[in-house]
Amino acid sequence: MEYGLLILLGVFFGGVIIGMPVAFAMGAAALGAFWFEGFPLVTTFQRTISGVASFPLLAIPFFVLAGEVMMHGGIAIRLVRFASTLVGHVRGGLASVNIFSSMLFGGISGSAIADISALGSILIPVMKERGYRPDYAVNVTVTSSIAGIVIPPSHNMIILAVASGGVIAVDKLFLAGVIPGILMCVCLAIAAYVIAIKHKYPAEPFPGWGEVARTGAVAIPGLFTAVIIIGGVLGGVFTVTESGAFGAIYALVLTGLIYRSLSYAGLKTSVISTVKTTSMVMILIGFASAFAYLLALYQVPMKLSDLLLAISDNKIVILIMINIILLVLGMIMDMAALILICTPIFLPIARDLGMDPTQFGIMMLVNLGLGLCTPPVGTCLFVGCAVGKIKIEECLKTIWPFYIAILAALILITYVPSFSLFLPSLME
């Protein structure tokens, strides 16, 4: 059995090192391990198909489509105007606008990449024109974008719920992500404010509460997309999949018929992006299912739990070790893949320590979200630098205060359960 595990991990990491897509590396590793153990090779494909044969996963394309339509339908610029009138008057106001807009847009798109693409293309050039350093503008945009992962609705929450085997409920995750997402954005805003004072960045003039009300009224219909999705699930009106479908329909009606800001080209791009994203996610989930089955067969979760307990039986120390492992893995692997691989491994350990599964899920999302902003495989960092037209090296020299802010939020989320569990407790 030890040789089988070596084959599984060796083929997987070997494939990743030579540049093979993570999904296919997991599939090849599972195929090799099943062959070594004498299973019929068709078992690999049976486990793969069973991994995607889950009704809740149908919500993913609807969530992605709603976010894409909102991005290409002009919702982002309306949210930016509202955020600018509300928080733009503080020192380094455009940074606060950036973070607050990410918080709002994240609740609609559920995607960090969509956040950077939509808001970054609007705010980064404006921040440069107003005298902000390019690296500062990109750093704020990149780190605040992961609010879309934590603040619901987020398709990563659906993947996490599926990976947990039903232990973590999607509706509880939706509620649990609200306060931690806001907490993380507040920590980032504090870091951005301190840096703004140091560099004497300007503040925007306050336009008056009338303008705040006007821009808010224009932005509210867009924000209502999240209300439909989350409210429908929590109120028992829709299943997660049905809420995603209604959210996508609402986004199409709002941007196409009411705002009339969604062009045919924008709709075509949204559909194509949705198909590509959904295809990648489903392939990843399928092969990860076969990979996770073998991890369970080789008792990897139990062995890793014994290893961690051999180092220390202190809950605080073990949670620190889990966070460090997730942070390191998040720097070198894709987030969705890590959710699928690490949830079956670390969730039982966290539960044995007395940690609520929902709290663990939010901790993992924040942790892996940070990995999207760190090299060498920091997708958000690469996209942000491309949008801001600067080198990654420039960002890395000055991004550390924002890393510290996210780590501070992560520590609070890890060790203070009420941040994640207060809102879900109201459902009980």
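The following refers to the structure shown. Along each chain, residue indices are assigned from 1 in the same order as the chain's sequence is written. Local features in this predicted model are restricted to residues of pLDDT 70 or higher, and side-chain atom pairs are both shown and tallied only at a pLDDT of 80 or more, whereas totals for entire chains, interfaces and linings draw on every residue. Hydrogen atoms and water are omitted, and side-chain values are computed over all heavy atoms in the structure.

### Quick look at the overall build of the chain
No. 1: Secondary structure follows DSSP: runs of H or I at least 4 residues long count as helices, runs of E at least 2 residues long count as strands, and numbering of each begins at the N terminus. When its secondary structure is counted, the chain shows 23 helices and 0 strands.
No. 2: A compact globule built from 428 residues should have a C-alpha radius of gyration of about 22 Å, and the chain, at 21 Å, falls within 12% of that.
No. 3: In terms of its C-alpha atoms, the chain occupies a principal-axis envelope of roughly 70 × 45 × 45 Å.
No. 4: Relative accessibility decides the category of a residue: with a 1.4 Å probe and only protein chains considered, values under 20% of the type maximum give buried, values over 50% give exposed, and everything between is partly exposed. By residue count, 54% of the 428 residues in the chain fall in the buried class.
No. 5: Looking at the chain alone, contacts between residues at least 24 apart form 79% of all its contacts between residues at least 6 apart.
No. 6: Here the chain has roughly 17,600 Å² of accessible surface; of this, 71% comes from carbon and sulfur atoms.
No. 7: In this count, Lys and Arg are taken as positive residues and Asp and Glu as negative ones, while His and the chain termini are left out. Just so you know, the charge point we use is NZ for Lys, CZ for Arg, CG for Asp and CD for Glu. One finds the centroid of the 20 positive side-chain charges in the chain at a distance of 13 Å from the centroid of its 18 negative side-chain charges. Our radius of gyration is a C-alpha quantity, and the globule rule it is checked against amounts to 2.2 Å times the number of residues to the power 0.38. Working rule for contacts: check all heavy atoms of both residues, and any pair within 4.5 Å makes them a contact. The Shrake-Rupley method, run with a 1.4 Å probe sphere, supplies the accessible areas, and residue values consider only the shown protein chains as cover.

### Quick look at the nonpolar core
No. 1: Side-chain atoms within 4.5 Å are what join buried Ala, Val, Leu, Ile, Met, Phe, Trp, Tyr and Cys residues into a set we call a nonpolar core. One finds Met26 and Tyr136 to be the most contacted residues of the largest nonpolar core, which totals 146 residues.
No. 2: Counting residues per element, this core draws most heavily on helix α18 (residues 335-352), at 13 residues.
No. 3: With residues up to four places along the chain from it excluded, the contact list for methionine 26 reads Phe12, Leu284, Phe287, Ala288, Phe291, Ala337 and Ile341.

### Overview of the environment of alanine 137
No. 1: Relative to the helices and strands, alanine 137 resides in helix α8 (residues 134-144).
No. 2: Residue class for alanine 137 comes out buried when judged on its relative accessible area of 0%.
No. 3: In this structure the C-alpha to C-alpha distance between alanine 137 and alanine 192, which are 55 residues apart in sequence, comes to 9.8 Å.
No. 4: Residues in contact with alanine 137, not counting those within four places in the same chain, are Asn98, Ile124 and Met127.

### Examining the pattern of salt bridges
No. 1: The term salt bridge refers to a side-chain nitrogen of Lys or Arg lying within 4 Å of a carboxyl oxygen of Asp or Glu. By the definition in use, this model includes 2 salt bridges.
No. 2: Across the salt bridge formed by arginine 133 and aspartate 135, the nearest N and O atoms sit 3.0 Å from each other.
No. 3: For aspartate 135, a relative accessible area of 6% puts it in the buried group.

### A short note on the side chain of threonine 48
No. 1: Residue placement: threonine 48 occurs in helix α3 (residues 42-52).
No. 2: Accessibility expressed as a relative area gives 14% for threonine 48, which makes it buried.
No. 3: The contacts of threonine 48, once residues within four sequence positions are left out, are Gly286, Phe287 and Ala290.

### A short note on the packing of helix α15 (residues 264-297) against α18
Axis angle and axis distance: for two packed helices, these are the angle between their axes and the distance between the axes, and together they describe the pair.
No. 1: Their axes nearest at 10 Å, the elements α15 and α18 cross at an angle of 25°. Comparing their axes, α18 and α15 come out roughly parallel. Classified by chirality, the crossing of α18 by α15 is right-handed. Across from Leu284, Ile285, Ala288, Phe291, Ala292 and Leu295 in α15, the residues of α18 making contact are Ala336, Ala337, Leu340, Ile341, Pro344 and Ile345. Helix axes are fitted to C-alpha atoms over the stretch in contact, other axes to C-alpha atoms as well, and angles between N-to-C directions run from 0 to 180 degrees. Angles are sorted into four bins: roughly parallel if under 35 degrees, roughly antiparallel if over 145, roughly perpendicular if 65 to 115, and oblique for all others. By the definition used in this description, the sense in which the near helix is turned from the far one sets the handedness, with an anticlockwise turn below a right angle giving left-handed and a clockwise turn giving right-handed.

### A closer look at the packing of aromatic side chains
No. 1: Working definition: a ring pair exists when centres of Phe, Tyr or Trp rings (six-membered ring for Trp) sit within 6.5 Å. Plane angles under 30 degrees give stacked, over 60 give edge-to-face, the rest tilted. A full pass over the atoms with the stated rule returns 14 aromatic pairs.
No. 2: Their ring planes at 75° and their centres at 5.3 Å tell us that phenylalanine 34 and phenylalanine 39 sit as a pair that is edge-to-face.
No. 3: Classification of phenylalanine 39 as partly exposed rests on a relative accessible area of 28%.
No. 4: Geometrically, the ring pair formed by tyrosine 132 and tyrosine 136 is stacked, given 6.0 Å between the ring centres and 5° between the ring planes.
No. 5: Overall, tyrosine 132 belongs to the buried group, its relative accessible area being 3%.
No. 6: Here tyrosine 136 falls in the buried class, since its relative accessible area comes to 4%.
No. 7: Through a chain of ring-to-ring contacts, the aromatic side chains of Tyr132, Tyr136, Tyr201 and Phe402 assemble into a single cluster.

### Brief notes about unusual backbone geometry
No. 1: Cis peptide bonds are those with omega within 30 degrees of zero, and the linkage from proline 152 to proline 153 qualifies with -5°.
No. 2: The residue proline 153 is located in the loop between α9 (147-150) and α10 (155-163) in this model.
No. 3: A positive phi angle, near 55°, is found at lysine 389, a position not held by glycine.

### Let's talk about helix α7 (residues 112-129)
No. 1: If you check α7, its first and last C-alpha atoms are 24 Å apart, about what 18 residues at 1.5 Å a residue would give, namely 26 Å.
No. 2: By the largest-angle criterion, glycine 120 marks the main kink of α7, which is about 50°.
No. 3: For α7, the set of buried residues is Ala112, Ala114, Asp115, Ile116, Ala118, Leu119, Gly120, Leu123, Ile124 and Met127.
No. 4: Count one or two residues on from α7 and you reach glycine 131, which has phi positive near 100°. How far a helix is expected to stretch is found by multiplying one less than its residue total by 1.5 Å. Axes are fitted to the seven residues ending at a residue and to the seven starting at it; the angle between these axes is taken as the bend at that residue.

### Description of helix α14 (residues 240-258)
In an α-helix, one turn spans 3.6 residues, which is why side chains three or four residues apart end up on the same side.
No. 1: Along its 19 residues, α14 runs 26 Å from first to last C-alpha, staying within 8% of the 27 Å computed at 1.5 Å per residue.
No. 2: The complete set of buried residues in α14 reads Val240, Thr241, Ser243, Gly244, Gly247, Ala248, Ala251, Leu254 and Thr255. Mapping the buried residues of α14 onto a view down its axis gives an arc of 160°, with all of them on the same face. Exposed and facing more than 90 degrees away from the buried side of α14 are Leu257 and Ile258.
No. 3: Where α14 is buried, its residues contact α4 (59-72), α5 (75-87), α10, α11 (170-176) and α13 (209-234).
No. 4: Within two residues after α14, arginine 260 carries a phi angle of roughly 55°, on the positive side. What the arc describes is the spread of directions from the helix axis to the C-beta atoms.

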